[in-house]
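Now for the letters of each chain:
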Amino acid sequence: MKTNIKTGILWGVITLSVLLGPTLMAELPNEITKPTEADAEIRAAELVSQMTLDEKLQLVSGFGDSRYDHLPVERLGIPPLLACDAGLGVRTSLLPDTVRSTGFQSGLSLAASFDEAAAEAQGRAIGVEAYLLGYGSILGPVPDAARTPYYGRNFEALGEDPFLAGKIAASETRGIQESPVIASNKHYTGNVQEWNRHSVNELIGERALREYYTRAWAIIVDEAQPGGIMAAFNSINGEACVDSYHLLTEILKDDFGHKGYVQTDFNGSTGVSNAIAGLDFEGPNTQYFGDVLREAVTNGIVPMERLDDMVYRWLRSLIVSAYFDHTPANALVELSDVEPISEEILSAHADLAYENATKGIVLLKNENNALPIGLDALSIALIGTDLDIDISGSGSASIPNTGNLVSVLDGVSARAAYNGATVEWVKGVDSFSPGDMLGGPATTVPSSAFRPFGAAPGVHGLTQYVYGSPTNNTPLVDASVVPQVNLASGIVNLFSNSFVNTPNFYPWNFGPHSISWFGKFTPPVSGTYTLYLHHMGGARLVLNAGVLIAQGAGEPQTDSATIDLNGGQSYDLEINYYMNAPAQLYNGSAGMFSDGGISKIRFAWDPPAGVLPTNIQEAVDAARSADVAVVCVRDFNTEAMDRQSLQLQQDQDRLISAVAAVNPRTIVVLQTGGPVLMPWLDEVEAVVEGWYSSQEQGDALAGILFGDLNPSGKLPITFPSSEDAQPINTLEGIHGVPTAPYPGYGPVPVNDFSEGVYVGYRGYDKAGIEPLFPFGYGLSYSTFEYSGGTISPSVFTPETEDRKATVSFHVTNTSERAGTEVAQVYIRFPAGIDMPEKQLVGFKRVSLEPGESQLVEITIDGESAARPFSMWYTSTNGWFTPPGNYQLLVGGSSEDLPLAVQLSVE
């Protein structure tokens, strides 16, 4: 039930048939029917036979407007195609501000629902919105593997398990393609880091490649038949993904049976040889598939048959999707004239976004029944920064103009008022920005410690000046006041979602430049302070004309100075930054633009023990007098950067501990794009992982916090207890701190995936490391019990043709509240075989009334694309099912598996 707090009315969530039936079909042409595959293949082949060489080349490369589009071939009736990013919904950045789209939950949040129906419904809604806005292709979903929690796009992807990721992505793809729209899943494959993403060479063994990194893709192709697949930027074993015949042709097209096309990521082609490898389309700009490809075809380097196959695959997807025959009206007008989506559809999709978001919220801790918040809580201290904006992931997945936004502040405040409670909001820490993904200390000096020279009392921050170079005193832009020195510039600032402090200088200024900050710095108390500059490039810290730090850095590093300061005394502060590291000067391709930006600097501190900055003290004061303290903490994740630490930034760990010290009923809400460390876990009563939970984040979180809804989400990614307690705690270096950024010359960076298949919970099991919270974990306001446990058949003989085994068991709701459990089935291979301790092979959501018991049946299909009973034998270059006794383990998480049944394979 969604609560309409403002009117006090409770109403049922719209069912799928109503939500996505007449309401949407009223906006789509009623006569739309999809051609059969056979018909589409015949028509595509006939078109190819009629095309000239120029027309064929026109269809296999973009024409440079950043939309992965092709122009129409009017002579043959081939329509133009527009494509859009759609990680969290349809990205409308090229359309007028009046055009809105629904902001759905992040991929990780969707995966946390373990709900294929929810994924399909979300895909269906995204497909409808894309089609109505004139798009024929969606760049998504994103089944990239969460090899480490540092990956900056984990929020956009679907977690660490390829079976779960494949099932959710396949479901969303099916939903998208119910409309005349092509889904192009990305990024195939091994796209597990943003740092050096254009240049990194990943060393991945064939077994890991087959069992882990391509397993999700096999499921997607088999169960959803996506019209397109986007190849990744990175290289694997010395070959760029776009230039790997083994990846694109042998595995994807031949083994998996992908019938659609393969396209580049943004200008990701590397040469005309990509066409021979199996790449079918490059974009958005024509680099090699224009005149260069023409010459290669003419000279016989690229066979005409390969070019015809490239065009055929593209046309087949256009036709079978029904886009070819039913090109939307908005695809044929200027972008400025695109008609917006109706309010009726946006409203219906807002309800779906709310329903799906609530399914993905995970309850991690709940002591003393701290949740749900009851009628006895008449005063609530709501603490946390940015609670009045859309807290979501940034980058190409983000939604710049949501159909509706219910912020956390609005949602919680309205729901509290419904209970007759008052809410006091205190930020506690400064707003977030891309700088919060930088490494170094997480204790960025707060704005409350700064005052610009000549500013009136109560004005906080520093005056920022940006120059063309260290020797050029002409400012690039007007001086401005910024709250902190916490800056990461570059491509990340083109996607200004989920942060408010955007740089005031042109973020694409990749030539040499320098920045200076000036103002007064006032320590809160007297004592010994350690001051830090974390930076790449040159940096200098000056206090009262004394130079404390002056260092250059060719790669990110932290420098510090320890000094005694007087509380309440204002010191003249000057910080200078010089963009002069070799990699920062590289301006040769989009690769450097996307590898984390150019300017990197943070000013942080360690104040004396026990000292609370002014802004945190304000939060403590509010919490002390409240019945309940709800501390909402966040992180920042985006394309083009990776996290350097799992520690909460902006001193939020200190904020939580300080609040918990004065209010025993402290509830922490995490709005994060992945795992974070929780050194304060034992100090608080409850913890909720809300992820980036859509434009309806305020209502969704309020529904869980106040008990209108019962949490049912499960973790799709393992939460480590510390930076050290991880089986893989690196991107290319230690604790997420990568090697030097690639400067555009010399040896490319190498990342050795020496762990093989032991990624995520598989790696924790192998290393014997206990996580903070395991994969599949999630609490409920209800309690559940598993019993029974049988399997049929219990033996596979050599004569067994249909290798399907059904695991049956009972789940009982042992509480007095209705709730939903996600039952999970894992497989354990016979003893002595080098395989993970367990692997997920099935799951099902089970909704139960109080005291109700339900028989649950989950079928494991040994012949499916997931290959649950098989392992890859490198020596024979093929799949093999070892004989022996297999165990199927059943329970509520990867670490809570009370039932076990045995399957014998002869």
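Predicted, not measured: the structure shown is a model, and the values here were computed from it. (Residues numbered from 1 in each chain as written. Predicted model: local features only at pLDDT ≥ 70, side-chain atom pairs only at ≥ 80, totals over all residues. Heavy atoms only, no water.)

Focus: the overall build of the chain
A tally of helices and strands in the chain yields 21 helices and 39 strands. Whereas a compact globule of 906 residues would reach a radius of gyration of roughly 29 Å, the chain reaches 27 Å, a difference of no more than 12%. Reported as C-alpha extents along the three principal axes, the dimensions of the chain are approximately 80 × 70 × 60 Å. Partitioning the intrachain contacts of the chain with sequence separation of at least 6 by distance along the chain shows that 78% fall at a separation of at least 24. Element-wise, carbon and sulfur atoms account for 50% of the exposed surface of the chain, whose accessible area totals about 29,700 Å². Separation of charge centres in the chain, based on 50 positive and 105 negative side chains, amounts to 1 Å. (Helix = DSSP H or I, 4+ residues; strand = E, 2+ residues; numbered from the N terminus. Rg over C-alpha atoms; globule rule 2.2 N^0.38 Å. Contact = heavy atoms within 4.5 Å. Areas by Shrake-Rupley, 256 points an atom, 1.4 Å probe, with all protein chains shown as cover. Lys, Arg positive; Asp, Glu negative; His and termini not counted. Charge placed at Lys NZ, Arg CZ, Asp CG, Glu CD.)

Observations concerning unusual backbone geometry
The omega torsion of the bond from K186 to H187 falls at 5°, within 30 degrees of zero and hence cis. Mapped onto the secondary structure, H187 falls in strand β5 (residues 182-188). The residue after G283, namely P284, is reached through a cis peptide bond having omega 5°. Topologically, P284 is positioned in the loop between α11 (273-277) and α12 (291-298). Despite not being glycine, N877 has its phi angle at roughly 55°, a positive value. Mapped onto the fold, N877 is located in the loop between β36 (871-873) and β37 (878-880).

Quick notes on the packing of aromatic side chains
Enumeration over the complete set of coordinates arrives at 27 aromatic pairs. An angle of 80° between the planes, with centres 4.8 Å apart, marks the rings of Y212 and Y213 as edge-to-face. Classification of Y213 as buried rests on a relative accessible area of 4%. Among the aromatic side chains, those forming a connected cluster through ring pairs are F114, F163, Y761, F775, Y826 and F843. (Phe/Tyr/Trp six-rings, centres within 6.5 Å; stacked < 30°, edge-to-face > 60°. Buried < 20%, exposed > 50% of the residue type's maximum accessible area, 1.4 Å probe, protein only.)

What to know about the sheet that holds strand β31 (residues 795-796)
Read across the sheet, five strands follow the order β31-β39-β38-β33-β34 without closing on themselves; strand pairing throughout is mixed. Each end of this open sheet is capped by a strand with a single partner; those strands are β31 and β34 (839-848). In terms of strand pairing, β31 meets strand β39 (residues 899-905) through two bridges, oriented parallel. Paired with V795 across the bridge in β39 is S904. (Pairing = 2+ DSSP bridges.)

Brief notes about the confidence of the model for the chain
When pLDDT is averaged along the chain, the result is 92; 92% of the residues meet or exceed 70. Taken as a whole, residues 3-26 scores under 50 in pLDDT and shows 43 contacts with residues more than four places along the chain or in a different chain. (pLDDT = per-residue confidence, 0-100.)

Some words on helix α20 (residues 697-705)
For α20, a buried count of nine out of nine residues is recorded, marking the element as mostly surrounded by other parts of the structure. Where α20 is concerned, the buried positions are Q697, G698, D699, A700, L701, A702, G703, I704 and L705.

So, the pattern of salt bridges
This structure, assessed with the given rule, holds 44 salt bridges. Because the salt bridges share partners, they merge into one network encompassing E120, R124, K167, R174, E178 and E223. (Salt bridge = Lys/Arg side-chain N within 4 Å of Asp/Glu carboxyl O.)

Observations regarding helix α14 (residues 343-360)
Compared with the 26 Å implied by 1.5 Å per residue over 18 residues, the 26 Å span of α14 between its first and last C-alpha is a close match. Where burial is concerned, most of α14 is hidden: 14 out of the 18 residues are buried. (Expected span 1.5 Å × (residues − 1).)

Focus: the pairing of β5
Of all seven residues that make up β5, seven are buried, and the element is covered over most of its length. Relative to β5, strand β4 (residues 137-139) runs parallel, the two sharing three bridges. Directly across from L139, in β5, lies its bridge partner S184. Each parallel crossover has a hand, and the one from β4 via helix α7 (residues 162-176) to β5 is right-handed. (Right-handed = clockwise from strand over helix to strand, strands pointing away.)

With respect to the side chain of S815
Examined against the element boundaries, S815 turns out to sit in the loop between β32 (804-813) and β33 (819-828). Beyond its immediate sequence surroundings of up to four residues, S815 is in contact with S782, T783, P850 and G851.

Notes on the nonpolar core
I78, Y213, L293, L315 and L318 are the most contacted members of the largest nonpolar core, which has 88 residues in total. Listed in part, the 38 residues of the second largest apolar core include A112, V631, L715 and F719. (Core = buried A, V, L, I, M, F, W, Y, C linked by side-chain atoms within 4.5 Å.)

Comments concerning the pairing of strand β26 (residues 628-634)
When you tally the buried positions in β26, you get seven out of seven residues, the bulk of the element. Here β26 shows no split at all, with V628, V630, C632 and R634 on one side and A629, V631 and V633 on the other all buried. Pairing geometry for strand β12 (residues 379-383) and β26, over four bridges, is parallel. Paired with L382 across the bridge in β26 is V630. In this sheet, strand β27 (residues 666-671) lies alongside β26 in parallel orientation, the contact comprising six bridges. The residue bridging C632 from the neighbouring strand is V669, located in β27. In this view, the connection linking β26 to its parallel neighbour β27 by way of helix α19 (residues 652-662) has right-handed handedness.

Quick look at the packing of α7 against helix α9 (residues 215-224)
Between α7 and α9, the least distance of the axes is 8 Å, while the angle of their chain directions is 30°. In terms of orientation, α7 lies roughly parallel with respect to α9. Between α7 and α9 the crossing geometry is right-handed. Of the residues in α9, those in contact with P162, F163, A165, G166, K167, A169, A170, T173 and R174 of α7 are R215, A216, I219, I220, E223 and A224. Here the residues of the contact of α7 with α9 sort into nine nonpolar, two polar and four charged. (Axes fitted to C-alpha atoms, helices over the stretch in contact; angles between N-to-C directions. Parallel < 35°, antiparallel > 145°, perpendicular 65-115°, else oblique. Left-handed = near helix turned anticlockwise from the far one by under 90°. Nonpolar A, V, L, I, M, F, W, Y, C, P; charged D, E, K, R; others polar.)

Focus: the side chain of N201
Its place among the elements puts N201 in strand β6 (residues 201-203). Note on N201: relative accessible area 12%, which makes it buried. Within the structure, the side chain of N201 is placed 3.3 Å from the backbone nitrogen of N237, a separation counted as a polar contact. Ignoring any residue separated from it by four or fewer positions in sequence, one finds N201 in contact with S235, I236, N237, G238, V748, P749, V750 and N751. (Polar contact = N/O pair within 3.5 Å; in protein donor to acceptor, adjacent residues only side chain to side chain.)

Concerning the environment of P556
With respect to the helices and strands, P556 occurs in the loop between β22 (546-551) and β23 (557-565). In the structure, P556 is positioned 386 residues away from A170 in sequence and 39 Å away in space, judged by C-alpha atoms. For P556, the contacting residues outside a window of four places in its chain are W195, H534, H535, M536 and P741.

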